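Breakdown of the fold
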Amino acid sequence: MNETRFQPSGIITLTTDFGLRDPFVGVMKGRLLARLATASIVDLTHEVPPQAAEEAGFWLARSFEAFPQGTVHVAVVDPGVGTARAILCAEVAGHLLLAPDNGLLGAFAVKGLAPAVRALTPTAVASLGIRAVSATFHGRDIFAPVAAELAAGRCAPAALGALMSDWQRGRHDLPTLHEGSLRGRVVTIDRFGNLITNIEGAALASLARPQVRIGARVVPLHRTYGDARAGDLLALINAFGVLELAVAQGSASEQLGLGRGTVVEVRELTE
Amino acid sequence: MNETRFQPSGIITLTTDFGLRDPFVGVMKGRLLARLATASIVDLTHEVPPQAAEEAGFWLARSFEAFPQGTVHVAVVDPGVGTARAILCAEVAGHLLLAPDNGLLGAFAVKGLAPAVRALTPTAVASLGIRAVSATFHGRDIFAPVAAELAAGRCAPAALGALMSDWQRGRHDLPTLHEGSLRGRVVTIDRFGNLITNIEGAALASLARPQVRIGARVVPLHRTYGDARAGDLLALINAFGVLELAVAQGSASEQLGLGRGTVVEVRELTE
Amino acid sequence: MNETRFQPSGIITLTTDFGLRDPFVGVMKGRLLARLATASIVDLTHEVPPQAAEEAGFWLARSFEAFPQGTVHVAVVDPGVGTARAILCAEVAGHLLLAPDNGLLGAFAVKGLAPAVRALTPTAVASLGIRAVSATFHGRDIFAPVAAELAAGRCAPAALGALMSDWQRGRHDLPTLHEGSLRGRVVTIDRFGNLITNIEGAALASLARPQVRIGARVVPLHRTYGDARAGDLLALINAFGVLELAVAQGSASEQLGLGRGTVVEVRELTE
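Report on the accompanying structure. Every chain begins its residue count from 1, and numbering advances along the sequence as written. Chains and ligands are labelled by the order in which they are written, letters from A for the one and numbers from 1 for the other. Whole-chain, interface and lining totals are the exception, using all residues; otherwise, since this is a predicted model, local features are given only for residues with pLDDT of at least 70 and side-chain atom pairs are given and counted only at 80 or more. Hydrogens and water are ignored here; the side-chain numbers use all heavy atoms of the structure.

**Section: the side chain of A:Asn194**
Residue and element names in this part refer to chain A. Operational definition: For helices the rule is a DSSP run of H or I covering at least 4 residues; for strands it is a run of E covering at least 2, with both sets numbered from the N terminus onward. Summary of the burial criterion: residues with accessible area below 20% of their type's maximum are buried, those above 50% are exposed, and those between are partly exposed, where the area comes from a 1.4 Å probe applied to protein chains only. Distance and chemistry together define a polar contact, namely a pair of N or O atoms within 3.5 Å, with one atom able to donate a hydrogen and the other to accept it when in protein, and with adjacent residues in sequence counting only for side-chain atoms on both sides. Only heavy atoms enter the contact rule, under which two residues are in contact if any of them lie within 4.5 Å.
Topologically, Asn194 is positioned in the loop between β8 (181–189) and β9 (195–200). Asn194 gets classed as buried once you look at its relative accessible area, which sits at 4%. In this structure the side chain of Asn194 is engaged in a polar contact, spanning 3.0 Å, whose partner is the side chain of Asp190. One polar contact links Asn194 to Glu244, side chain to side chain, over a distance of 3.2 Å. Other than its neighbours up to four places away in sequence, Asn194 contacts Thr188, Ile189, Tyr225, Glu244, Leu245, Ala246 and Val247.

Encoded structure:
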């Protein structure tokens, strides 16, 4: 029985670390269109730092709901391409995700979205007419044709493999309150130099007078960039629901000289 | 009465300073497609220098006519996001523009295009079912859904707000001839290192023997790059109608060590 | 007689050195959509090094078959824009290519694809209603409208000009075995720092015990990146069919300090 709630919208998103300098992404789109000429393909990002699977997962889990249900999200950050690592298909809130089994999808588990995960079987892949698979570019040779078949409604997720539970969760912790303190870390830095953490706005809301600290600095919490003076450091809950450190009309990353992994703490102001 | 000449083409262009490194642009497209699945979305540029609203306006005013009438052009370079700054909808030559009220659209005023400008009212935004607006990402939460409704023909510009005249013009001067001289400046630098000025080819055409100067250098005026020898500095009227300084098969910006704001002068050669 | 086997798919790919920082690519898409609103436009790459026509050709020849037959591939790496250089239309294996006559298309000749090449005549261009052509941006003013007419099926290749044979082949050599040795070179470097050569996997297959050398180093040949330890240098036949030197989870270009043009040799291991 191939039951599924998935109703394809015809939209396919792409998240990779391929960059846009080389034709890798374009070639994936060629293979998608070869199987589904009407596909609406959207680049989510291709500038994930090389092989940073968890960072890709972070962004995808915080972005996918901007798309209509029925969207197929393809995420290829895949240092293990061509080895025995599995390829996963996960169903989450009416969306489908395709990603290598390397921790990328763990971001959906910590958000409590209860993804229904399957590993693609060789038989299922072959049954879609997928042949001549290279050892180094599964984005083109497997992910693209499978995504096109799913987006076309010609293949149901259940046909790809059995449900499984022992897939890789990676490192996707969401800090919780411990002794009046939330200790998180910078998980990504955006183009503006904003330091984006894994501390959820919802967790922070439980504090009456939250004080944000990075290293020895106390950072004032504002609602938006324009509420601080140009050049001033501020913290805010960003549009993706997590705590972010920014410099108004500047770069927090440059001004602080800090990067991924830096500890950020929020605690109740007591005195 | 919601009369408008605007007949949507279904095409939406995007101009931002979001870059393509993060999923910001992809997320905007998700929201556009969620409201208008058939939208044809084109990236004009996302690499405007952070918060350079006027540079975004310069390029948009010089590019929009490449698209068919009925196109909705969304420009989000928006350091004031979440503050009291208005969002404008302008109708120009059968196209629609959506942009913050921060000087970006002034480029259309100096080109004599007489944009019909409205500020979006909170009531109009709410009437489109736009809820849960973040303080920091109006591109996703307001610009995208409004653009989709306009491009779908489900919302007329007049429904968004009343015509107004006191919107921000910014700094978008077009030099005019003064005592036999045109004094302009470098307003942007393209990927090839070409220095692009605000001096219009049409203004230059009024000089019989125009001589181009940048600093102490006199720069020969040519028709195209290939008319100079590789490595030589040249000036030309570029495909966007303005004076540009280039190095044939090289970078003028690097060779001259000059950037935005540098004065460029054209004067009548007299002796 | 305007016979052609070309059956348009409605897909148009773009390969340029325009970058994505400026609106050049977006403006080309505007002109494409103005003539063919239903066009499905795919960016192959816009980050070819400025004016590296042969590198663009290398990638296009190794990528085009990912797209369905009937696709129009537009390649604009064009230092001679506005000079007397011709614009070519080539028919290859059911695809069409549009490119300047500067060596770019030579990559298709060495692959033995026997492109049927025509040079666009001024009469043909004018007959498509193409007017007001700038001297510096033929991508927008000629390539885009011609591609749209071809992709729309309103113009057959034969209507653009007569078949010709004396077009520029450029430097697109494929090394062949000579005294038990294949001597090639690095032709491009991808975003991961992988050094990609012009040595075909097929040529290498004729060696029983191939040994790969770059400078004084012997590089072990593997099937995929994950077969080497992180940080180790390896060689493999990549997904585009050519020999590539990589560092597992690292950058070969950075680790070796080597770039385009570096000689790579494969020879039979004899002792």
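**Regarding the relation of the copies chain A and chain B**
Counted only if it meets this: The superposition of copies rests on a least-squares fit of C-alpha positions from residues with pLDDT of 70 or more in both.
Expressed as a screw operation, the relation of chain A to chain B combines 0.0 Å of axial shift with a rotation of 120°, fitting to an RMSD of 0.0 Å. Viewed as a symmetry operation, the transformation between the two copies matches a three-fold axis.

**Concerning the sheet that holds strand β10 (residues 210–214) of chain C**
All names here are of chain C. This is how it is decided: Paired strands, in this sense, are two strands between which DSSP finds at least two bridges. Interaxial angles span 0 to 180 degrees and are taken between N-to-C directions of axes, which are lines fitted to C-alpha atoms, for helices over the stretch in contact.
Spatially, 7 strands are ordered β11-β10-β14-β8-β9-β13-β12 in an open sheet, and the strand pairing comes out antiparallel. Each edge of the sheet is formed by a strand with only one pairing partner; in this case those strands are β11 (217–219) and β12 (233–237). This sheet shows a mean twist of 30° between the axes of neighbouring strands, independent of strand direction. Judged from the 3 bridges that link them, strand β9 (residues 195–200) and strand β13 (residues 242–247) form a sheet pairing that is antiparallel. Among the inter-strand pairings, Leu195 is bridged to a residue of β13, identified as Leu245. Here helix α2 (residues 53–63) sits on the sheet in contact with β8 (181–189), β9 and β13, set at roughly 100° to β8.

**Quick notes on the packing of helix α1 (residues 24–35) of chain B against helix α5 (residues 138–151) of chain B**
Residue and element names in this part refer to chain B. Rules: Two helices crossing with the near one rotated counterclockwise from the far one by less than a right angle form a left-handed crossing, whereas a clockwise rotation gives a right-handed crossing. Note on residue categories: nonpolar means Ala, Val, Leu, Ile, Met, Phe, Trp, Tyr, Cys or Pro, charged means Asp, Glu, Lys or Arg, and polar means any other residue, Gly included.
Following both chains from N to C, one finds α1 and α5 inclined at 35°, their axes separated by 8 Å at the closest point. Crossing angle aside, the handedness with which α1 passes α5 is right-handed. Along the contact surface, α1 presents Val27, Met28, Arg31, Leu32 and Arg35, while α5 presents Gly139, Arg140, Asp141, Ala144, Pro145, Ala147, Ala148 and Glu149. A per-class count over the contact of α1 with α5 returns 7 nonpolar, 1 polar and 5 charged.

**Details of the interface of chain A and chain B**
Convention followed: When two parts are put together, the accessible area they lose, computed with a 1.4 Å probe and summed over both, is reported as buried area. Whenever Lys or Arg places a side-chain nitrogen within 4 Å of a carboxyl oxygen from Asp or Glu, that contact is recorded as a salt bridge.
At the junction of the two partners, chain A supplies 28 residues and chain B supplies 30 residues. Interface area lost by chain A to chain B is led by A:Arg191, A:Phe192 and A:Ala239, which between them contribute 28%. Between the two partners, chain A and chain B, sit 1 salt bridge. In this structure, A:Arg191 and B:Glu47 form a salt bridge, with 3.4 Å as the shortest nitrogen-oxygen distance. One can count 13 residue pairs in polar contact (both at pLDDT 80 or more) joining chain A with chain B. Within the residue set of the side of chain A that touches chain B, elements represented by two or more residues are β2 (40–45) and α2 (53–63) of chain A. Of the residues that constitute the side of chain A that touches chain B, the class distribution is 14 nonpolar, 8 polar and 6 charged.

**Looking at the pattern of salt bridges**
Side-chain pairs of opposite charge can arise whenever the charged atoms involved come near each other. Tallying each qualifying case throughout the model produces 36 salt bridges over all chains. Where C:Glu149 meets C:Arg154, a salt bridge forms, and the shortest distance between an N and an O atom there is 2.8 Å. Using a relative accessible area of 8% as the deciding quantity, one classes C:Glu149 as buried. Where salt bridges share partners, they join A:Arg31, A:Arg140 and A:Asp141 into one cluster.

**Here's the deal with the interface of chain C and chain B**
Taken together, the contact between chain C and chain B spans 30 residues of the former and 27 residues of the latter. Counting each side, the surface lost to burial between chain C and chain B is near 2,400 Å², with a carbon and sulfur contribution of 61%. When the buried surface of chain C facing chain B is broken down by residue, C:Arg21, C:Pro23 and C:Thr136 rank first, second and third, together holding 24% of it. The tally of links between chain C and chain B comes to 1 salt bridge. Here the element with the most residues in the side of chain C that touches chain B is helix α1 (residues 24–35) of chain C; it accounts for 8 residues.

**Regarding the layout of surface pockets**
Put simply, the test is: Put plainly, a pocket is an open set of points on a 1 Å grid over the protein atoms alone with protein on both sides within 12 Å along at least five of seven lines, a cavity is a set where a 1.4 Å probe fits but cannot get out, and a lining residue has an atom within 4 Å of a point. Grid points are joined across faces, edges and corners, and a volume is the space filled by probe spheres set on the points.
Its boundaries defined by the atoms lining it, the largest pocket holds a volume of some 900 Å³. Residue lining of the largest pocket: 34 residues in total, with B:Ser40, B:Ile41, C:Ala39, C:Ser40 and C:Ile41 positioned closest to the centre. Taken together, the elements giving at least two residues each to the lining of the largest pocket come down to α1 (24–35) and β2 of chain A, α1 and β2 (40–45) of chain B together with α1 and β2 (40–45) of chain C. Residue composition of the lining of the largest pocket, by class: 18 nonpolar, 10 polar and 6 charged.

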